[in-house]
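Notes for the structure review
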Amino acid sequence: MRKFLSFLLVSLLIFTVAIPSIGFAQTNSKIELKQAIEIAKEKLNIPSSGYNFNSNYYENDSNKTWYLTWSSSTNGNINVSVDADTGEIISYNFYKPDNTPVSIIPKHTREEAKEVAVNFLNKIVPEKFKETKEQETDDYTGLNPKIAYSTAYSFNFIRIVNGIPFQGNQITVEVNKNTLDVQSYYLTWGSDYNFPDPKLAISKDRAIQIYKDNNSLNLQYNLVYTDVYGNNESTPQAILVYSLVNNQPVDAITGKILYQGYYGPYIGGMGAKSDNSQVLSPQEQKAVDDVSMYISKDKAIELAKEKLPFTIGSEYSLSSSNLYKDNSYSNSATWNFSWTYTEGNNYNYISAAVDATTGELKTFYRNDSNENNAQGKTPKYTKDQLKSIAEDYLNKIQPEKFKQMEYQDVPISVYDNSPYTSFNYIYKVNGIPCPFDSINIGINKYTGDIITYNLSWTDVKLPDNKNIIGLDDAYKTLFNNGDFQLSYIIYYAPDKVYQPPSKDIRLVYQLTNFNGLIDANSGAYIDYSGKPILKNENTQFTDIVGNWAEKDILLLSKYGIADGKNGKYMPNDYILQKDFIKMLVKSLQPNNVIIPLTSNEDENYDNYYNVAINSKIITENEKKPDSKVTRQDAAKFIVRSLNLKYIADLNSIYTLDYYKDADKIEDSSKGYVAILYGLNIMTGNNGYFNPDENLTRAQVASILVRYLRVEK
């Protein structure tokens, strides 16, 4: 599927560059331009005025397509593609500028949007739609922050053949969450396929054994940046995991593994690292130079030149040099240098990085002036010869590290026209790979010159491999959390990756819906930061059924805002300030997403407080984590989060005649209370605001849902 899309994108690029919008008298298609326009306008209700129109035509050996565009600076853009032989609408995209205020919680539910999507497809492609089944997408399942970012609900319908899903044919529709307009539609559908008979398929148990025999799971170390083992450490940690490294489908007819190109090993080995590099000012850099732990700039340049596999000629000038602190949790730093020279129209560039503490060469790159002269020529060096060049160099500059590394072979397609070959080596301890410690080196096939080099090395303590679960138990976790089932796929052999869309349909057993790792100690299904993944994260709390705020609590849970302990929300308990601030900060999504840095709850609360203080929601003096929250305190925090403090502090302009207990509201809180009344976030009870009343967790859930519905 991904290869077909790549081919399609290339084709579209060729089309958009090569074919202008002109008359199309000789298209040799069954559907001419006038008919294509009429089909699009009738089925998509495109207006007859208010837009500029443009069209293009494209055809290849298997497809003939009309591309129609209606554009307007005020009404937006409409793009439609129509099959020029069948008249079928292949794609539709609608964009309209809209500055209308919207709330984080959409106006319409997913169920309402699905009804729109279904009606749309029944009108556009009724016969094909009958052959499909909805495939659940991840924008509505679990506690996914992505839900607050998207403006549309996405629906994907997969073709079902002989009761088996066929990923090669599918229909995708996106419906706007607030307007219920269809924003986009894509039809991916082929014909003339021969589908293998599922009656001839091997059993699932046999397929599972074949899958296991292919070493699909591998024990390895994974680097994470959160505290997994409860050590309250903020530095990176290595954890032992079973990783899915050979997720190749099993041919359900022949029982053979189907290799579909290269699927790189050790996914997730790097963990969820963020870029915390901090460039030093010239004054700070000079001060650091004087510190004995860092080598000087001149020494770093000398070491770089000694270890580079080529000479930097006198024609090059040093164009930049910087000392970067690698991260916030260690004292390590890196010198980065670049040299350049220009000769006529040729720009020549070399970069290198040196560890400022050890003097190790970490990376280098040079642009290759011979690259443009290599096309169409036969490489001078074989892969084995290039590998020998790489290993001779690594033995020279990293002899000790290289002894402990293992080569990771990457099969090369016969259609690979790159002038370079890359070689990757990873560190192994007691036979267990550490993919975050690696060396990658790239060599020109035509000259034998080393062009790139990258050393990635992290000095972390590696946990021992005692008391880990066995491979069989790891596979149990894998199959309990993923879907291993029959599917039809379009098969591309490794040597046919770059060829046009294939018609080779295979019936396979393949694993889907597994996007994590397996903890080698506990056997738990975990994400790439080491945190457990629950199969159904939307499980409702056990203590909210029948509660007056049940729907609001569930809605906040879906957005990842409401949480509790041991499956309970405790709706009738008074909320503590630290939990109120945490929920309010989470409600600021998508502007603020807080990622817990440690398993220590108090430290994580500090993270939320830091955001709240920096956002001027609460002051340092007001911070009382374990205190209860009164209604007027909550009003202050919420209004500040809306950036309306400057208006709320104009107390003299507000009257609170609608509250019978207005005299009990502090003068400094009147503006805050009035604003929330006007926004329908906090409106009191039976004419009373009850400013000093402590809020329960259920009341906070209801307040925050109304807060999230504010259009801004």
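Described below are features of the structure shown in this document. All figures in this text were calculated on a predicted structure; none of them were measured in a lab. (Residues numbered from 1 in each chain as written. Predicted model: local features only at pLDDT ≥ 70, side-chain atom pairs only at ≥ 80, totals over all residues. Heavy atoms only, no water.)

**Considerations on the pattern of salt bridges**
The following threshold applies: When a carboxyl oxygen of Asp or Glu is within 4 Å of a side-chain nitrogen of Lys or Arg, the pair counts as a salt bridge. To qualify as a helix, a DSSP run of H or I must reach at least 4 residues; to qualify as a strand, a run of E must reach at least 2; elements of each kind are numbered from the N terminus. Categorising residues by exposure relies on relative accessible area from a 1.4 Å probe, with only protein chains included: less than 20% of the type maximum marks a residue as buried, more than 50% marks it as exposed, and the intermediate range marks it as partly exposed.
Going through the model one piece at a time under the given rule, you end up with 24 salt bridges. A salt bridge links Lys476 to Asp473; the nearest nitrogen and oxygen atoms lie 3.9 Å apart. In this pair, Lys476 and Asp473 both sit in helix α11 (residues 471-481), three residues apart, roughly one turn of the helix. Ionic pairing is found between Asp563 and Lys582, a salt bridge with its closest N-O pair at 3.1 Å. Placement of Asp563 in the loop between α12 (550-558) and α13 (577-586) and of Lys582 in helix α13 is noted, with a sequence separation of 19 residues between them. A residue is classified by how much of its surface remains accessible, and Asp563, at 26% relative accessible area, is partly exposed. A single salt-bridge network, built from bridges that share partners, covers Arg110, Lys114 and Glu134.

**Section: the side chain of Arg631**
We apply this condition: In this tally Asp and Glu are treated as negative and Lys and Arg as positive; neither His nor the chain ends contributes. Throughout, a residue-residue contact means that at least one pair of heavy atoms, one from each residue, lies within 4.5 Å.
Here Arg631 is to be found in helix α15 (residues 631-641). The charged side chain of Arg631 is buried without a salt bridge, its nearest counter-charge being Glu693 at 4.6 Å. If we skip the residues at most four places from it in the chain, Arg631 touches Met682, Gly684, Phe689, Asn690, Pro691, Glu693 and Leu695.

**Remarks on helix α6 (residues 204-213)**
Which entries qualify depends on this criterion: Along the arc lie the directions from the helix axis toward the C-beta atoms.
Buried residues of α6: Ala207, Ile208, Ile210 and Tyr211, and no others. On an axial view of α6, the arc spanned by its buried residues comes to 160°, and they lie on one face. Structural note: α6 exposes Asp205 and Asp213 on the side pointing more than 90 degrees away from its buried face. The inward-facing, buried residues of α6 contact β10 (237-244), β11 (250-251), α11, β21 (483-490) and β22 (505-512). Backbone geometry just after α6 places Asn215 at a positive phi near 55°.

**A look at the packing of aromatic side chains**
Two measures describe an aromatic ring pair: the distance that separates the ring centres and the angle between the ring planes. What counts is decided by this rule: Within 6.5 Å between ring centres, the rings of Phe, Tyr and Trp (the latter by its six-membered ring) count as paired, and their orientation is classed by plane angle as stacked under 30 degrees, edge-to-face over 60, tilted in between. A ring is scored as having a charge over it whenever the NZ atom of a lysine or the CZ atom of an arginine sits within 6 Å of its centre and within 35 degrees of its normal.
Taken as a whole and judged by the stated rule, the model has 33 aromatic pairs. Taken together, a centroid distance of 6.0 Å and an interplanar angle of 90° make the contact between Tyr393 and Tyr453 edge-to-face. Remark: Tyr453 occurs in strand β20 (residues 450-456) and Tyr393 occurs in helix α9 (residues 383-397); sequence separation between them is 60 residues. Each of the two residues, Tyr393 as well as Tyr453, counts as buried. Over the ring of Tyr609 we find Lys623; its NZ or CZ atom is 4.9 Å from the centre of that ring. Above the plane of the ring of Phe689 lies Arg631, whose end atom (NZ or CZ) is 4.8 Å from the centre.

**A look at α12**
Owing to its 3.6 residues per turn, the α-helix brings residues three or four apart onto one side. Burial analysis of α12 places seven of its nine residues in the buried class, the great majority of the element. The set of residues buried in α12 consists of Glu550, Asp552, Ile553, Leu555, Leu556, Ser557 and Lys558. Downstream of α12 by one or two residues, Gly560 has phi in the positive range, about 75°.

**Considering the pairing of strand β18 (residues 420-429)**
Just so we agree on the cut-off: Pairing between strands is defined by DSSP: at least two bridges between them are needed.
Relative to β18, strand β17 (residues 405-408) runs antiparallel, the two sharing four bridges. In the sheet register, Gln408 faces β18, and the bridge partner there is Asn424. With ten bridges joining them, β18 and strand β19 (residues 432-444) adopt antiparallel strand pairing. In the strand pairing of β19, Thr421 is matched with Ile443. Linkage of β18 to β19, two consecutive antiparallel strands, is achieved through a turn of two residues, within which Asn430 is found at a positive phi near 50°.

**Some points on the environment of Val161**
As for its position among the elements, Val161 is in strand β6 (residues 152-161). The sequence separation of Val161 and Ser487 amounts to 326 residues, and the corresponding C-alpha distance is 9.2 Å. Those residues in contact with Val161, other than ones at most four positions away along the chain, are Phe166, Phe195 and Tyr488.

**Quick word on the nonpolar core**
Under the convention used in this document: To qualify as a nonpolar core, a set must consist of buried Ala, Val, Leu, Ile, Met, Phe, Trp, Tyr and Cys residues joined through side-chain atoms within 4.5 Å.
In terms of nonpolar packing, the biggest core is built from 81 residues, with Tyr211, Phe364, Tyr393, Tyr453 and Leu478 touching the most fellow members. Beyond its immediate stretch of four places on either side in the chain, Tyr211 contacts Ser216, Leu244, Asn246, Asn247, Gln248, Val250, Tyr475, Leu478, Phe479, Phe484 and Leu511. Judged by nonpolar contacts, the second largest core, of 55 residues, contains Ala662, Leu695, Tyr707 and Leu708.

**A word on the sheet that holds strand β24 (residues 525-526)**
Strand-to-strand pairing in sheets goes through backbone hydrogen bonds, with the strands running parallel or antiparallel. Filter applied, for reference: Helix axes are fitted to C-alpha atoms over the stretch in contact, other axes to C-alpha atoms as well, and angles between N-to-C directions run from 0 to 180 degrees.
Taken in spatial order, the four strands make up an open sheet running β9-β10-β23-β24, and their pairing is antiparallel. Each having just a single partner strand, β9 (217-224) and β24 make up the two edges of the open sheet. α11 rests against β9, β10, β23 (517-519) and β24 of the sheet, and its axis sits at about 75° to β9.

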